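# Structural overview
Read off the chains here:
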Amino acid sequence: MKRATNLLFLFAILLSARAPAQILPESLTDGPTANSDEGRPLTYYLPDLDYDPDIPTPEEFLGWQIGDWHISHDLLQAYMRALAASSDRISLEVIGHTYEQRPLLNLIFTTPENHGWLEELRQMHVNWSSPEGGMSDGDLEEVPGVLYQGYSIHGNEPSGGNAAPMAAYYLAAAPMSEVGELLSNNVIVFDPCYNPDGFNRFASWANSHKNKNMTADGQDREYNEAYPRGRSNHYWFDLNRDWLPVQHPESQARIAQFHRWKPNVLTDHHEMGTDATFFFMPGEPTRVHPMTAPVNQELTGRIGEYHAAALDKIGSLYYSGEGYDDFYYGKGSTYPDIFGTVGILFEQASSRGHLQESENGILTFPFTIRNQVTTALSTYEALENLHDDLLTYQREFNLDGVTEDGYVIDTDGDPGRSRELADILARHGLPVQYGTNDEGSAYYVPKTPFSEAAFEPILEFEDSLFYDVSTFSLPMAFNLPYRQVSGGAPGEMEWSDYTMGETSPDIDRTQAQYAYFIPSDDYYSVKAIYLLQDAGVRVKVSDQAFSLGQGADQLGRGTAMVPVYGQDMDADELHRIVSEVEDETGIDIVTTNSGTVDPGGLMLGSRSAYQTLRKPEIALLIEGSTSSLDVGETWHLLDQRFGIPITKLPIDEVGRADLSRYNTIIMPDGWYSGLDKSVAEALQGWMGRDKVFITVERAGTWAADHGLADITVRKTTNPDSAITQRPYEKADRDRGGQVLGGSIYRTEADLTHPLLFGMNREEIPVFRSGTLLYEPAENVYATPVRYSDDPLISGYSPRGFAEKAAGSAAVLVSGSRGGRTISFASNPNFRAFWYGTNRLFMNAVMFGNTINGSTVE
């Protein structure tokens, strides 16, 4: 058996395509083990059953028992491949790859007989809850239930991913007398690791800092990860906030699989603070999104009874009904609820390594894994026993949600930005149509429970506490106007079905004799400018709007101009480069054969109308007291979306770095009160002509304190400060009610300012969390965006805050030593999907140095 297992291991490693190599712990070989807590049998985790001896246990495969070490992702996926190769209950799918090219695996568990007609079973299940499915209530007994079971979306919450091998082994090897009915009547879509990159990062940290003689002291390095820590994915995003935005490959693959299978239950295994116990849904009853059906919460409670009974058997402490909410549909346990699926959150107290002291005694890593395995198995029991009720709820929810209403989203003259929103809506299973007429273009989606929740503002709440954001309107995030309509797509437009990823087919390939123009109204115009610059093309920008002649379309402020002559390449090579940029961005670049483009007006040689753009050379400050989430959002925006290389510069190295290499430095939000003075001195020395310093939130106040920005913080007072006595029991709730976790506010913009190039409407919705406010600048030109007099659009706002925010600055521009400091009062790049405001951020990167000096001094 030992020889066979080793051969199987080698075979599986060969199959583990594109996973980075991993040095295996000594205990994988025949050498000694390194954990004094070893010796746990299989039955520590699983019921004592007559398992199939031809299916390798995790210990047989790894050479050590689960919990001895943190399993790395390459070993985790290799074991999953080994299970699939040895069990006829499993089909294995690679549904995508992470940024680091780790495979995203799904194991599909059901009986061998069901695997023979798996696609037909899937289609039957999908049709059951579809208005067009053609099935009747009487078909219930034939319809399989579907469970989507996933682990460790936060990489440094490892007990879930380490429980996955045990749960998968149980489904593969337990006798059919134990799992036969479960697998005959259901399909289990098993995702062993939602976040392979973060999971592997944390496993490497925990294993490389493990002691032979383990310490439970929480101050040990093992339990205190280095920046950016393993919670996040490659770009340092929290993937458990990306179910709605779907901006990352892990989420895109998972959401596609979710809609392919339309599960009845989805589980999401997490960890929480070390001093806690074990939590399972339901959460706080007053913090459920109003679009979630009451029966959903009833079923969640019934499923919870199975978890309670299972945890009782092993003597584990647990709780439910408090602490966590079911409000934001961008989390794994809540996203399913708006589709007629029951989402279940598990939270296990974390050992954050192998062993830690807690107020409940010594918390071991194996113990945390056992609780996750136990509730994975109790989920199977609940699925089996509640099969009919879950399917009935799913059918009724989706059939009752059918209406003749829909939403029309105006493209706002911006093909790139509106196309990205259309892609998101299509990823969520909405049929999207694209319409045009002489007046413009738009997208249409039907009104469903999901689209209603994702479009409509919300201002009334049962509770004032939120685990995450309190609103998430997608059209507002994209700064796109929309309206609700009845009777389907309106007849004033010609409509066609939209296919995700489509770009404009109407690109004119005409070669210019005089100049090319990049229209500013497309979100990706800055990307087009950078691609041209990177290819050695000189690009200029106009701060004036103009047309190419009588009856021609207007080209807005910020239109970039590429003269044919004066380049370091001939006209044919320039045309080839321009055509490649059109292909990559989908922008139809306009041509002219004359230097007089606006009769009686603009001429292309005018220095007052055109400035030559310098190519951005960017340093992004990281580590230390910077927020890794904010850093990741900026890194992803520049690197992935706009293709602009950056230097990730540790903030503690700024005083020793050669800053002359950069003309743009970005300082994200963070905690900067103790930052070494050498950082400020270095940045002060760097600032000068053509230099742009971009700050976000608290970085702006730090910059102001060190002479790098001109910012005055608006003083605010707690409206309850005059109250002299409150009940003690209200303290936590009162404090929580003062927190601004995330809402949408209305701002008014100066569209003539370079930071607003390409924007068409003065009103811009902005997302903000936190209550930091900036006063408008004394210079009347230096506050290009400010909050309106009635700013709150959607979400919870602490009492009195909206009134305080009215008229405050959303963006400030100031000057220092001839450079420009551009300060955002709130995060313009929130979770990668706030396209409406990260357009302003990219304008700051590309056009910040062109801002007139007299407007900032």
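We now turn to the structure provided with this report. No experiment lies behind these values; they were computed from the predicted model shown.

Cut-offs applied
- Residues numbered from 1 in each chain as written.
- Predicted model: local features only at pLDDT ≥ 70, side-chain atom pairs only at ≥ 80, totals over all residues.
- Heavy atoms only, no water.
- Helix = DSSP H or I, 4+ residues; strand = E, 2+ residues; numbered from the N terminus.
- Pairing = 2+ DSSP bridges.
- Axes fitted to C-alpha atoms, helices over the stretch in contact; angles between N-to-C directions.
- Core = buried A, V, L, I, M, F, W, Y, C linked by side-chain atoms within 4.5 Å.
- Buried < 20%, exposed > 50% of the residue type's maximum accessible area, 1.4 Å probe, protein only.
- Contact = heavy atoms within 4.5 Å.
- Patch = residues over 30% accessible without salt bridge, like charges linked within 9 Å, V, L, I, M, F, W, Y side chains within 5 Å.
- Areas by Shrake-Rupley, 256 points an atom, 1.4 Å probe, with all protein chains shown as cover.
- Salt bridge = Lys/Arg side-chain N within 4 Å of Asp/Glu carboxyl O.
- Lys, Arg positive; Asp, Glu negative; His and termini not counted.
- Charge placed at Lys NZ, Arg CZ, Asp CG, Glu CD.
- Left-handed = near helix turned anticlockwise from the far one by under 90°.
- Nonpolar A, V, L, I, M, F, W, Y, C, P; charged D, E, K, R; others polar.
- Right-handed = clockwise from strand over helix to strand, strands pointing away.

## Some thoughts on the environment of Leu459
Within the fold, Leu459 resides in the loop between helix H14 (449-455) and helix H15 (474-477). It is 21 Å that separates the C-alpha atoms of Leu459 and Tyr324, two residues lying 135 residues apart in sequence.

## Structural notes on the sheet that holds strand E13 (residues 482-486)
In spatial order, the strands read E13-E10-E12-E11-E14; together these five strands make up an open sheet with antiparallel pairing. Looking at strand neighbours, the two that pair on one side only are E13 and strand E14 (494-497), the edges of this open sheet. On average, each strand axis in the sheet is tilted by 30° relative to the strand beside it, whichever way the strands run. The pairing of strand E10 (residues 405-410) with E13 spans five bridges and is classified as antiparallel.

## As for the sheet that holds strand E27 (residues 763-768)
Judged by pairing direction, the sheet is mixed, and its nine strands sit side by side in the order E23-E22-E24-E25-E30-E29-E28-E26-E27 without closing on themselves. Edge strands, defined here as strands with exactly one partner in the open sheet, are strand E23 (646-650) and E27. The average angle at which neighbouring strand axes cross in this sheet is 25°, direction not considered. In this sheet, strand E25 (residues 692-696) lies alongside strand E24 (residues 664-667) in parallel orientation, the contact comprising four bridges. Bridging across to E25, Ile665 finds its partner in Phe693.

## Considering the nonpolar core
In summary, soluble globular proteins display a tendency toward joint burial of nonpolar side chains. Residues Met80, Phe109, Phe190 and Tyr380 are the most contacted members of the largest nonpolar core, which totals 195 residues. The element that contributes the greatest number of residues to this core is helix H6 (residues 159-173), accounting for ten residues. Apart from the residues within four sequence positions on either side, Phe109 is in contact with Arg89, Ile90, His115, Ala168, Leu171, Ala172, Leu183, Asn186, Val187, Ile188 and Phe190. Within the second largest apolar cluster, 28 residues are counted, among which are Leu649, Ala682, Ala709 and Ile711.

## A closer look at a negative patch on the surface
Negative charge collects at one region of the surface, where Glu748, Asp750, Glu762, Asp789, Asp790 and Glu803 lie side by side. With a relative accessible area of 55%, Asp790 lands in the exposed category.

## A word on the pattern of salt bridges
Evaluated as defined, the whole model comprises 30 salt bridges. For Arg122, the salt bridge identified is with Glu119, shortest N-O distance 2.6 Å. Taken as a pair, Arg122 and Glu119 lie in helix H5 (residues 118-128) at a separation of three residues, close to a single helical turn. Here Asp412 makes a salt bridge to Arg417, at a shortest N to O gap of 3.3 Å. Comparing Asp412 with Arg417 shows no difference in burial state: the two are buried.

## Description of the packing of helix H16 (residues 525-534) against helix H17 (residues 571-585)
Between H16 and H17, whose axes approach to 10 Å, the crossing angle comes to 145°. Considering how the two elements wind past one another, H16 and H17 form a crossing that is right-handed. Listed contacts from H17 to Lys527, Ala528, Leu531 and Leu532 of H16 are Ile577, Val578, Val581, Glu584 and Thr585. Class assignment of the residues belonging to the contact of H16 with H17 gives a composition of six nonpolar, one polar and two charged.

## Points about unusual backbone geometry
The omega torsion of the bond from Tyr227 to Pro228 falls at 5°, within 30 degrees of zero and hence cis. The residue Pro228 is located in the loop between helix H8 (196-208) and helix H9 (249-261) in this model. Residue Met281 is joined to Pro282 through a cis peptide bond whose omega torsion reads 15°. You can see Pro282 is positioned in the loop between strand E6 (278-280) and helix H10 (294-314). The backbone of Lys262 sits at a positive phi, close to 45°, despite the residue not being glycine. Looking at the element boundaries, Lys262 is found in the loop between H9 and strand E5 (265-272). Residue classification places Lys262 among the partly exposed positions, given a relative accessible area of 27%. Residue Arg352 is not a glycine yet carries a positive backbone phi of 50°. Of note, Arg352 is situated in the loop between strand E7 (342-349) and strand E8 (355-358). Overall, Arg352 belongs to the partly exposed group, its relative accessible area being 23%.

## Notes on the environment of Leu377
Topologically, Leu377 is positioned in helix H11 (residues 365-385). The exposure class of Leu377 is buried, given its relative accessible area of 15%. When near neighbours in sequence (up to four residues on either side) are disregarded, Leu377 contacts Leu46, Pro47 and Tyr170.

## A word on the pairing of E24
On E24, burial covers both faces: Thr664 and Ile666 on one face and Ile665 and Met667 on the other are all buried. One ladder, built from three bridges, connects strand E22 (residues 618-622) with E24; its direction is parallel. Directly across from Ile618, in E24, lies its bridge partner Thr664. Handedness of the crossover is the feature at issue here: the chain leaves E24, passes through helix H19 (residues 677-686), returns alongside E25, and the resulting connection is right-handed.

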